[in-house]
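Chains, contacts and geometry: an overview
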Amino acid sequence: MIKFGEDKQSSGFLGAIGLGKRSRLSTRFRLLSRSISAAVSIQLSSDLSIRLHPNDPGHPRDTKVSSVPSPQTEKALSSLESLRSNRQYADLTSQVDEVCSTLSRPSFCLRDVPELLSSLANTLFPTSLYLRVLPM
């Protein structure tokens, strides 16, 4: 999922120095991909336990419990939060804000990911009626 969310191709020599090709995927799809990647990454605490229930320990933004998020989790969250100031995602600011606020709640757990996916897919792709099958 992380690969689909990238704005530019990062493989090869040109990708390594930041001159990769622009992604052919839409900004809506890239936002959805980054959101799912971050949502799943947040559910893995630093001790590799899975957060299945609301308020389980290990959420990176939980101030009550000291937990150290993995570098991958921090990268996914910062990548998602940086979209707020990205011009390509200017028309999706409300969706980015919604996802960021949802993921920052310590009560958000793995069981909430399908609902987030369904809500985002229906918001980002309103004409794709086949996505309405996703459970809420």
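The structure contained in this document is the topic of the report that follows.

Moving on to helix α2 (residues 27-42). An α-helical turn contains 3.6 residues, so a residue and the one three or four places further along point in the same direction. If you check α2, its first and last C-alpha atoms are 22 Å apart, about what 16 residues at 1.5 Å a residue would give, namely 22 Å. Of the positions making up α2, those classed as buried are Arg30, Leu31, Leu32, Ser33, Arg34, Ser35, Ile36, Ser37, Ala38, Ala39, Ser41 and Ile42. Turning to α2, the residues buried within the fold contact α3 (71-81), α4 (93-104) and α5 (113-124).

For the pair α2 and α5, the least separation of the axes is 11 Å and the interaxial angle reads 170°. As far as their axial angle goes, α5 and α2 are roughly antiparallel. In this structure, α2 uses Arg28, Leu31, Leu32, Ser35, Ile36, Ala39 and Val40 to contact α5, whose residues at the interface are Val113, Leu116, Leu117, Leu120, Ala121, Thr123 and Leu124. Grouping the constituent residues of the contact of α2 with α5 by class yields 11 nonpolar, two polar and one charged.

It is at 11 Å that the axes of α2 and α4 come closest, and there the two elements cross at 5°. It follows that α2 is roughly parallel to α4 by the angle criterion. Contact residues: Leu31, Ser35, Ala38, Ala39 and Ile42 in α2; Gln95, Val96, Val99 and Leu103 in α4. Broken down by class, the residue content of the contact of α2 with α4 amounts to seven nonpolar, two polar and no charged.

Right, let's talk about α5 for a bit. The first and last C-alpha atoms of α5 sit 16 Å apart over 12 residues, in line with the 16 Å expected at 1.5 Å per residue. Of the residues making up α5, those classed as buried are Val113, Leu116, Ser118, Leu120, Ala121, Asn122 and Leu124. The secondary structure elements touched by the buried residues of α5 are α2 and α4.

Turning our attention to the pattern of salt bridges. For the structure shown, the criterion picks out one salt bridge. For Arg84, the salt bridge goes to Asp97, with nearest N and O atoms at 2.9 Å. Taken together, the residues Arg84 in the loop between α3 and α4 and Asp97 in helix α4 connect sequence positions 13 residues apart. The exposure class of Arg84 is partly exposed, given its relative accessible area of 42%. The partly exposed category is assigned to Asp97, whose relative accessible area is 32%.

Conventions and cut-offs
- Residue positions within a chain follow its written sequence, with the count starting from 1.
- Local features in a predicted model are, by the rule used here, given only for residues with pLDDT of at least 70; side-chain atom pairs are given and counted only at 80 or more, and totals for whole chains, interfaces and linings are based on all residues.
- Water and hydrogen atoms were dropped before computing side-chain values, which therefore reflect all heavy atoms in the structure.
- Under the scheme used here, helices are H or I runs from DSSP no shorter than 4 residues and strands are E runs no shorter than 2 residues, and both carry numbers assigned from the N terminus.
- To estimate how far a helix should extend, the number of its residues minus one is multiplied by 1.5 Å.
- Only protein chains enter the accessibility calculation, which uses a 1.4 Å probe; a residue whose area is less than 20% of its type maximum is buried, one above 50% is exposed, and one in between is partly exposed.
- Pairs of residues are marked as contacts when any of their non-hydrogen atoms sit within 4.5 Å.
- Lines fitted to the C-alpha atoms define the axes, with helices restricted to the stretch that makes contact. Angles between their N-to-C directions range from 0 to 180 degrees.
- Reported orientations rely on four angle classes, namely roughly parallel under 35 degrees, roughly antiparallel over 145, roughly perpendicular from 65 to 115, and oblique for the rest.
- As a working rule, the residues Ala, Val, Leu, Ile, Met, Phe, Trp, Tyr, Cys and Pro are called nonpolar, Asp, Glu, Lys and Arg charged, and the rest polar, with Gly in that last group.
- Salt bridges, as used here, are contacts in which a Lys or Arg side-chain nitrogen is within 4 Å of a carboxyl oxygen on Asp or Glu.

By themselves, these are just geometric observations and shouldn't be taken as functional.
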